[in-house]
Amino acid sequence: MTSISTNNIGLQTPPIIDNSLVGNFNSQSIIQAELAQYEQPIVDLKNQQSTLNSNVGDYQQINTDLQALQTAAQALSTSSGWQARQATSSDSAVATASATSGTPTGSIQFVVQQLASAESMVSAGSVASTSDVVTSSPDYLLSQGGAQLGFGSLASSGLTLGQHTVKVTQASQAAETTGTVALSSQTGISVGSTNDTVNVSVNGTAYTLTLGASPTGGYTGSGLLSAVQSAISSAVDTSTGTTVNLSSSLQAGYNASGNLVLSTVDQGSTQSLQVTGGTALSTLGLAAMSTASTGTNGIVSVDGTSTTISTVTPGGSVSLAAPTGSVTATIIGAPSTTGGSLLQVGSLTATDVSTGNGSLADVVSNINAASTGITASAVQNSAGQYVLQLASSATGTANDLSVSTTAFAGSALGDLQVASAGANAQIQVGGSGGYTLTSQSDTFTGLLPGLSVTAVSVSTNPVTVSVSPDAQTVASDVNTMVTAANTVLSDIQKYAGYNEQTKQGGPLMGSALLQNATSEVQSIFASTVGTSTLGNAQNIGITLSAQGTLSFNQSTFDTAFTANPSQVSDMFTQGGTFAPSSSAYTGQVSVSAAGAGTQPGSYAVSISQSAQQAIDTGAVLSSGAVSAAETLTIASGSTAVNYTTTVGESLSQVASGINSALAGAGLQMSAQVVDSGQQLQLASSAYGSAASFSVTSTNTASGTTGLAGSTAGTPVTYTGIDVAGTIDGIAATGSGQFLSLSPSVSSPAAGLSLQVTATGITSATNLGTITYAPGIAQALSSLSTSMSNAATGSITQTIANLQNQSQGLNTQIQFYANIAAEEQKMLTNQFAQLQTTLGMLQNQSQSLGSALAGLSAG
């Protein structure tokens with residue numbers, strides 16, 4: 001039986017086991033075919049995810065477009081975006097001009113009298129060669145701008161090489177007294193034997209000044225001043241009876257108000273002046289002084305080391321100590337006759353340079369290498385000799401050469417002499433009856449705020465500079481906004497519209513959000529007019545086509561804007577009209593700003609407290625002048641100024657002096673005389689609780705300004721008050737004169753900010769109704785913001801939702817991927833087992849085949 005079985009197996013071996021099944025069995029193809037039904041859900045989900053991600057990209061592009069529209073529209077949504085200005089000159093060969101945004105429109109006429117120039121010096125002598133030694137001093141001190149501080153020249157002695165800071169920390173002041181009567185413009189001033197003497201004490205010595213009798217018809221103001229100056233030059237020493245020329249000790253002049261000023265020529269604490277009596281005091285506006293006026297020392301530091309100068313003499317010199325060595329400074333020789341300071345607060349940088357081997361070549365090279373703004377040259381003259389020339393690189397008197405003129409006197413070069421004095425540019429504004437302006441350079445910036453005028457040449461012919469709205473710049477901004485709006489409309493059509501040519505809709509077709517955005521953008525241009533009376537945008541060159549696209553005609557816009565710039569801007573900007581509850585409140589409420597969510601409409605405005613400045617009102621002085629001196633310190637934040645009053649100084653003079661100090665320090669406040677000239681008042685420019693200043697006085701006795709309360713040395717603080725009230729019946733936040741609703745309040749007026757200028761209100765008062773109109777640009781800005789805001793924008797939220805949906809599909813994809821992986825694992829194992837089984841059968845087949853072959857052979 002076994003033989004039969006074996007025989008039968010042998011005969012059937014080839015068909016029983018097909019070896020090709022083992023070698024060519026493609027299990028992976030079979031597995032993949034089996035897995036297709038499991039992987040199809042994954043493919044479907046990934047396709048869905050891809051569509052979502054593509055939609056996200058499309059919405060992101062539209063969001064980017066809206067952000068660009070918001071930026072362009074925001075620039076035109078307030079009046080500041082319509083302040084572009086252009087300046088034109090009637091003769092650009094004489095003067096050119098430019099204007100910044102917001103420069104007041106109008107014209108100004110002037111004559112260019114002088115161009116700015118830089119100072120230069122040249123040596124009086126010359127040397128044969130640049131290698132000739134011209135100084136034995138090892139160094140030379142270079143500085144500019146000394147005249148601004150009161151110095152004519154600065155020379156070093158033992159200073160270290162390099163930069164040094166010279167600073168006047170306290171201005172010097174003469175002993176002086178100021179009259180209370182403006183005399184300079186008067187005529188017919190009578191002086192005779194009954195009113196011709198002034199008794200004074202100068203530096204402790206008593207003198208009598210006797211004025212000459214007035215001519216027929218009396219003195220003019222200038223004639224009277226000459227009489228006083230003549231009396232000074234022939235004063236009588238009352239202790240000896242001798243006639244003395246006091247001109248080197250005492251001087252007289254008129255201040256800016258036309259009042260007579262008597263002051264010592266020298267300045268500092270060694271100087272004293274007292275008017276003790278005389279018959280001419282009333283005529284001159286002077287008064288006998290109970291105590292002498294004393295001068296103020298000048299204090300100067302070099303690299304932090306201070307020197308107090310108790311006697312400052314015009315044309316004199318002083319030695320200033322330094323940490324190492326010293327500086328010798330000459331004082332400018334022109335004394336002030338109107339109470340000015342010989343030494344004035346300020347600082348400069350001086351650079352001590354090496355003179356090398358002392359040769360002209362080394363001196364020139366080392367000065368130039370220091371890069372101080374002073375250039376040196378060895379200039380060959382007609383005789384073939386070399387002279388030293390120094391020149392300032394900057395124009396104007398503030399950049400004068402404050403250098404020693406005698407440093408090379410020991411050589412053939414001799415002293416340095418001024419070859420060309422530094423000069424300021426000068427223009428005469430408004431013709432012969434106008435005023436003169438000067439500038440350190442040829443450019444003037446004080447004619448109008450934002451206007452810059454550059455003098456090009458001197459001319460006797462007037463130049464007219466005109467400032468007008470810059471239609472071209474504004475038109476460019478409007479075109480940018482229209483282009484941005486077109487881009488929004490175009491991309492919405494691309495992604496959500498229907499293409500008539502391809503007969504296909506965009507991937508976002510059917511989006512109500514985008515359809516609404518298109519309608520709103522088109523509606524804004526078609527119907528929004530703001531507070532303008534010009535009609536719709538078509539009247540200024542913006543038209544909407546039948547295809548829904550915008551076009552901008554600049555020519556039409558330029559014509560409309562040139563004819564009526566304010567009405568054109570009103571069509572674009574946020575604004576409003578105010579209907580007052582009483583004529584007393586007309587024009588006292590206006591729209592300052594609005595938020596993206598502020599809705600057009602009318603809103604009631606009521607306030608319970610008017611905004612106030614920080615105000616300090618002094619004591620009532622019936623004479624209109626102070627009778628006791630004091631030093632006032634006025635401080636705001638970290639900035640403070642000082643002003644010292646003098647006995648007999650009028651309140652208007654005090655106010656003028658304080659205003660000058662405040663302006664110089666950049667403090668936004670002012671002084672004025674109120675109550676018919678009997679009180680001095682300080683007031684901040686700003687309103688509200690953020691406006692604050694303090695006043696301290698060295699003397700609060702009767703006869704002083706009374707600005708600092710009753711305790712000398714103790715600062716008194718004055719603070720403004722914020723406006724308080726409601727908008728649309730909702731409590732608003734006050735800041736200065738601005739009343740604002742938070743964007744988060746529940747009101748269509750949310751985000752609205754109003755400027756309220758009504759004064760004197762301290763209880764709830766209905767001012768009237770403000771009607772807010774956004775204008776084209778503001779409406780577009782609000783729409784863009786509402787759609788693209790990073791936190792709350794409707795498109796931003798749509799993008800986030802789509803991204804969340806896309807990410808949510810990852811869970812489902814992973815679920816089906818896990819099932820497919822398990823199925824693949826199972827099939828792989830099954831086929832692996834099958835492969836093993838087939839291998840075993842093959843082995844058995846081979847064994848049987850060998851056995852049968854053996855039997856056959858036997």
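Preceding this section is the structure that the text describes.
Computed from a predicted structure; not experimentally measured. (Residues numbered from 1 in each chain as written. Predicted model: local features only at pLDDT ≥ 70, side-chain atom pairs only at ≥ 80, totals over all residues. Heavy atoms only, no water.)

(A) Quick peek at the pattern of salt bridges. One pass over the full model with this rule turns up one salt bridge. Between K503 and E500 there is a salt bridge, with its nearest N and O atoms 3.6 Å apart. Each of the two residues, K503 as well as E500, counts as exposed. (Salt bridge = Lys/Arg side-chain N within 4 Å of Asp/Glu carboxyl O. Buried < 20%, exposed > 50% of the residue type's maximum accessible area, 1.4 Å probe, protein only.)

(B) Just the side chain of D352, in detail. Tracing the backbone through its elements, the reader meets D352 in strand β21 (residues 346-354). One buried charged side chain, D352, makes no salt bridge at all; its nearest oppositely charged neighbour is K167, positioned 20 Å away. In this structure, D352 is in contact with D139, Y140, L141, S156, L159, T160, L161, G162 and H164, ignoring residues within four places of it in sequence. (Helix = DSSP H or I, 4+ residues; strand = E, 2+ residues; numbered from the N terminus. Lys, Arg positive; Asp, Glu negative; His and termini not counted. Contact = heavy atoms within 4.5 Å.)

(C) Expanded view of the side chain of S272. One can find S272 in strand β15 (residues 272-277). Sequence-distant contacts of S272, defined by excluding residues within four places in its chain, comprise A175, S201, V202, N203, G204, T264, A292, S293 and T294.

(D) The arrangement of unusual backbone geometry in detail. The phi torsion at S371 lies on the positive side, around 50°, for a residue other than glycine. Turning to its location among the elements, S371 is positioned in the loop between α6 (360-369) and β22 (374-380). The class of S371 is exposed, set by a relative accessible area of 62%. Positive phi, close to 60°, is recorded for D728, a residue that is not glycine.

(E) Expanded view of the sheet that holds strand β7 (residues 162-170). Spatially, β5-β21-β7-β17-β18 is the arrangement adopted by the five strands of the open sheet, whose pairing is antiparallel. The sheet terminates laterally at β5 (139-142) and β18 (305-309), the two strands that pair on one side only. This sheet shows a mean twist of 25° between the axes of neighbouring strands, independent of strand direction. Across five bridges, strand β17 (residues 298-302) lies against β18 in antiparallel orientation. Residue pairing across strands places V302 opposite T305, the latter belonging to β18. (Pairing = 2+ DSSP bridges. Axes fitted to C-alpha atoms, helices over the stretch in contact; angles between N-to-C directions.)

(F) Local environment of the packing of helix α12 (residues 775-788) against helix α13 (residues 794-857). Between α12 and α13, whose axes approach to 3 Å, the crossing angle comes to 20°. By the angle between their axes, α12 is roughly parallel relative to α13. Facing α12, whose interface residues are S786, M787 and S788, α13 presents S794, I795 and T796. For the contact of α12 with α13, the per-class residue count stands at two nonpolar, four polar and no charged. (Parallel < 35°, antiparallel > 145°, perpendicular 65-115°, else oblique. Nonpolar A, V, L, I, M, F, W, Y, C, P; charged D, E, K, R; others polar.)

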